[in-house]
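Each chain is listed here by its residues.
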Amino acid sequence: MFERRIRLLGAVALVGTLLSAPLIATATPVPDSTATPQAHVSTPTEQVALTNQTETEAWLDETMARQLEEYNVPGAAVVIVSDGDVVLAKGYGYADLASERSVDADETVFSVGSTGKLVTWTAVMQGIEDGRLERDRDVNEYLTDSAVTVPDTDDEPITLNHLATHSAGFEDIFRGMVTDNPDEIRPMEAILADHRPARVRPPGQFVAYSNYGTALAGHVLAEQSSANFTDMVDERIFTPLGMADTTYAQPLPARLESRRAIGYTYQNGEYQPHHPVIWTLPPEGGSLRTTPTDMGRFMLAHLNEGASGSERILEAETVREMHRRQFTKSEAVPELNGMAYGFIEMDRNDETIVGHWGDTPRFKSLLALYPERDTGLFVVYNSPGGGPARFELLQAFTDRYYPRSDTPVVEPPDGAAERAHDLTGDYRSLTVSASSWERVLGVMTRTYTVGATDEGYLTTSRLGEPTRRWVERRPGVYEEVGGSDMLVFRFDETGRATHMFRHAFGPATYERVPWYESLTVLQTVLGGGVVAFLSVLLPWVGGPVWRRWRGGDLPTGRERAARWLLGVVSLLWLAVLVIFLLAWINFDAEAASPSLALQAGKVLRWIALAGTVGAVVATGFAWRDGLWTRWARLHFSVVTALALLFAWQLSLIGILPL
């Protein structure tokens, strides 16, 4: 999810560019929740022993103190496990600023967001082990007694394997995941049935992160178990592992509520506390609350091949299968991170790393396992600044304890400039909505603009990230300059790049968009439309005053009607744009309970479109009958044409679903 502050900055950037013409894609706002910050330089260095607890704690104390200050985070906690034991579990900063309650890794209860999906997939694997579920079976066969169904829009059915690797082909939606009132939480089955996403591509083709897919898998498990999902997970995972302070309950039980970390945002130099978000789909992970040490127990069980003391939650081979790659995004570049079973590959420095990260509006978490090293890292923060901080910590931890052995590429090879030029354009994540106004989120914040320098470097820019430079490692494979991330391109049979993948962000695929869907065209059309509409409204309001002062012939009734029509159309399109920009800024609240303004905007967009069609007709009559002067008719025609283009671009970003 995207933070209010980020969306506000993005909206300001959009409005600014509409009027002043700098490219949206070159803006440098605060990173969004899905962004990975520019990684620190990873160079060969001497490995430090993780078993030296004193040294590890000193390094972590220094690192976390800097992060809390640099990223404006009140509190955080870190757990490191290795060789079957907890190396370090420590809190930093404050869980509650008002009471000055410090973070305690053993006691403080955090929201961990989608990191909780690992619990869901562990439970699904338990169902596969005991024969209730099959990985390659059509999920519809498990839903015969459920109101939830998956449409048969493709020849190939969706299976648990597709859901576990985020390759089912669903559009991205957020509707139904949150609510304003815990009393309005409905059964999981009803929510999944009412808010089913569209299938927009065949399963198994591309990775596109899906909250709905994991929630659906949890529902499938519950249907085949004749049990409540949360009760089943509590009995089969939390209790055996001793995770006594982990729960899906909303509101939290009293014994945990007093230990809950408050979520904050940093605004105007001050920390603002927020009430907890109310989530409606437990398997998706958002409602999971836990302590850092409980997550340490979960990591130890996975690193110990499913065993915890005398208890076992999974067989050893099942755990290895969960950590093994299940989806390869590029056969030509096997080192590119793909997807394991519910786990995301996060390899760095040639180290095998699997895990997950989680985002809520205020909490950011990350769990990373190094199976070959029998090591795990968990970190959680109570402010949006933890988004980039967690990935920085992951890279710093890997650099320190498992450093890179090779030397980074620094200079483009011969012919790189021409190859880089052929890759330029906009690449948009497939994790976008295809059927609602929520699409604007993906279009604006999940689109990379790829450029090229004369020297042959690639550049990428995106709302939420600074511009980054990439050097060619081999054709179609680029390494981040001054970092450890990697870009990989897929080509069609003609040699044209069609898709882009990021090494550091495994659960996503970026598709090259046609020129007319680029951010540059969007900016130009919307900016031109805003200027054109204002050019109608100002004379529309001031015209009568001007005529009274300077005199002149009164317009005819038909001329007044045409001008009023175009004035209303201009006002409506500006209102629609502002309403949906504000909805984007307040996305979390709108998703939980759509405002009257948003509901009005959904009606006004159709009235504006109908009025635009009427303006097209009026334009024809104006030229046929010689209304106004030639310049006035030309102005009317240009504004009408821009209104049509404005509507077209709004349709491409989901605000006007045509």
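Owing to the predicted nature of the structure, the values given are computational and were not obtained by experimental measurement. (Residues numbered from 1 in each chain as written. Predicted model: local features only at pLDDT ≥ 70, side-chain atom pairs only at ≥ 80, totals over all residues. Heavy atoms only, no water.)

**Section: the overall build of the protein chain**
(1) Moving on: Scanning the protein chain from terminus to terminus reveals 18 helices and 23 strands.
(2) Moving on: Overall size of the protein chain, expressed as C-alpha extent along the three principal axes, is 95 × 60 × 55 Å.
(3) Moving on: Evaluated residue by residue, the protein chain yields a buried proportion of 59% over its 658 residues.
(4) Moving on: The contacts of the protein chain with a sequence gap of at least 6 include a subset with a gap of at least 24, amounting to 69%. (Helix = DSSP H or I, 4+ residues; strand = E, 2+ residues; numbered from the N terminus. Buried < 20%, exposed > 50% of the residue type's maximum accessible area, 1.4 Å probe, protein only. Contact = heavy atoms within 4.5 Å.)

**Describing the confidence of the model for the protein chain**
(1) Moving on: Summarising the model, the protein chain shows a mean pLDDT of 90, and 90% of its residues fall at 70 or more.
(2) Moving on: Considering only residues more than four positions removed or in separate chains, one finds that residues 1-42, a stretch of pLDDT under 50, has 128 contacts. (pLDDT = per-residue confidence, 0-100.)

**As for the sheet that holds strand β3 (residues 101-102)**
(1) Moving on: Strand order across the open sheet formed by seven strands is β3-β2-β1-β15-β14-β13-β12, with antiparallel pairing between neighbours. The two strands at the open ends of the sheet, each matched to only one other strand, are β3 and β12 (344-345).
(2) Moving on: Strand contacts of helix α11 (residues 386-401): β1 (75-82), β13 (354-359), β14 (364-370) and β15 (375-381), with the helix running at about 20° to β14, the strand carrying the most contacts. (Pairing = 2+ DSSP bridges. Axes fitted to C-alpha atoms, helices over the stretch in contact; angles between N-to-C directions.)

**A word on helix α6 (residues 211-225)**
(1) Moving on: Over its 15 residues, α6 extends 22 Å from the first C-alpha to the last, a length consistent with the 21 Å expected when each residue adds 1.5 Å.
(2) Moving on: The element α6 is largely enclosed, with a buried count of 13 among its 15 residues.
(3) Moving on: One side-chain oxygen of the residue at the start of α6 lies 3.5 Å from the amide nitrogen of Tyr212, identifying that residue as Ser210.
(4) Moving on: Note on α6: the residue one or two positions beyond its end, Ser226, has a positive phi of about 50°. (Expected span 1.5 Å × (residues − 1). Polar contact = N/O pair within 3.5 Å; in protein donor to acceptor, adjacent residues only side chain to side chain.)

**A word on the packing of aromatic side chains**
(1) Moving on: Following the criterion strictly, the structure yields 26 aromatic pairs and no others.
(2) Moving on: Seen from their ring centres, Trp121 and Tyr341 are 5.7 Å apart, and the 80° between their planes marks the pair as edge-to-face. Residue Trp121 is found in helix α3 (residues 117-129), and its partner Tyr341 is found in the loop between α10 (316-323) and β12; the two are separated by 220 residues along the sequence. In this structure, Trp121 and Tyr341 share a single accessibility class: buried. (Phe/Tyr/Trp six-rings, centres within 6.5 Å; stacked < 30°, edge-to-face > 60°.)

**A short note on the pattern of salt bridges**
(1) Moving on: Within this structure, the stated rule accounts for 42 salt bridges.
(2) Moving on: Between Glu479 and Arg404 there is a salt bridge; the shortest N-O distance is 3.1 Å. With a gap of 75 residues between them, Glu479 in strand β20 (residues 477-480) and Arg404 in the loop between α11 and α12 (416-421) connect regions that are remote in the sequence.
(3) Moving on: By relative accessible area, which is 6% here, Arg404 ends up buried.
(4) Moving on: Linked by salt bridges that have partners in common, Arg135, Glu305, Glu317, Arg320, Glu321 and Arg324 make up one network. (Salt bridge = Lys/Arg side-chain N within 4 Å of Asp/Glu carboxyl O.)

**Focus on the environment of Leu60**
(1) Moving on: Within the secondary structure, Leu60 sits in helix α2 (residues 53-70).
(2) Moving on: When its relative accessible area of 1% is taken as the criterion, Leu60 is described as buried.
(3) Moving on: For Leu60 and Val78, which are 18 residues apart along the polypeptide, the C-alpha to C-alpha distance reads 8.7 Å.
(4) Moving on: Ignoring anything within four residues of it in the chain, the contact list for Leu60 reads Val78, Ile80, Leu88, Tyr92 and Leu393.

**Points about the packing of α3 against helix α7 (residues 229-241)**
(1) Moving on: Running from amino to carboxyl end, α3 crosses α7 at an angle of 80°, the nearest separation of the two axes being 10 Å. Between α3 and α7, the angle is such that the two are roughly perpendicular. The residues of α7 that touch α3, namely those facing Val119, Thr120, Thr122, Ala123 and Gln126, are Phe229, Val233, Arg236, Ile237 and Phe238.
(2) Moving on: A per-class count over the contact of α3 with α7 returns six nonpolar, three polar and one charged. (Parallel < 35°, antiparallel > 145°, perpendicular 65-115°, else oblique. Nonpolar A, V, L, I, M, F, W, Y, C, P; charged D, E, K, R; others polar.)

**Some thoughts on α10**
Residues spaced three or four apart along an α-helix point in a common direction, a consequence of the helix completing one turn every 3.6 residues.
(1) Moving on: Counting buried residues along α10, six of its eight residues qualify, which places the element largely inside the surrounding structure.
(2) Moving on: Restricting attention to buried positions, one finds in α10 the residues Ala316, Thr318, Val319, Glu321, Met322 and His323.
(3) Moving on: Taken together, the buried residues of α10 touch α3, α9 (292-303), β11 (311-312), β13 and β14.

**Structural notes on the packing of α2 against α11**
(1) Moving on: The N-to-C vectors of α2 and α11 enclose an angle of 155°; their axes lie 11 Å apart at closest approach. In terms of orientation, α2 lies roughly antiparallel with respect to α11. With respect to the hand of their crossing, α2 and α11 are arranged in right-handed fashion. Along the contact surface, α2 presents Glu55, Thr56, Trp59, Leu60, Thr63, Met64, Arg66, Gln67 and Glu70, while α11 presents Ala389, Glu392, Leu393, Ala396, Phe397, Arg400 and Tyr401.
(2) Moving on: When its residues are assigned to classes, the contact of α2 with α11 shows eight nonpolar, three polar and five charged. (Left-handed = near helix turned anticlockwise from the far one by under 90°.)

**Overview of the side chain of Ser365**
(1) Moving on: Turning to its location among the elements, Ser365 is positioned in strand β14.
(2) Moving on: Among the polar contacts listed, one links the side chain of Ser365 to the backbone oxygen of Val112, at a separation of 2.7 Å.
(3) Moving on: Among residues more than four places away in sequence, those in contact with Ser365 are Val112, Thr115, Trp357, Gly358, Phe378, Val379, Val380 and Arg390.

**Observations concerning the nonpolar core**
(1) Moving on: By size, the foremost hydrophobic cluster in this structure holds 118 residues, and its most contacted members are Leu163, Phe298, Trp573 and Leu650.
(2) Moving on: The biggest single contributor to this core is helix α15 (residues 557-585), with 13 residues.
(3) Moving on: Not counting chain neighbours up to four residues away, the residues in contact with Phe298 comprise Leu118, Val119, Thr122, Ile237, Leu241, Met243 and Leu367.
(4) Moving on: Core analysis: the next-biggest nonpolar cluster, separate from the first, contains 48 residues, Leu60, Tyr401, Leu487 and Met500 among them. (Core = buried A, V, L, I, M, F, W, Y, C linked by side-chain atoms within 4.5 Å.)

**Quick word on the sheet that holds β20**
(1) Moving on: With respect to topology, eight strands assemble into a closed barrel ordered β16-β17-β18-β19-β20-β21-β22-β23, the strand pairing being antiparallel. The sheet shows a mean angle of 30° between the axes of neighbouring strands, taken without regard to direction.

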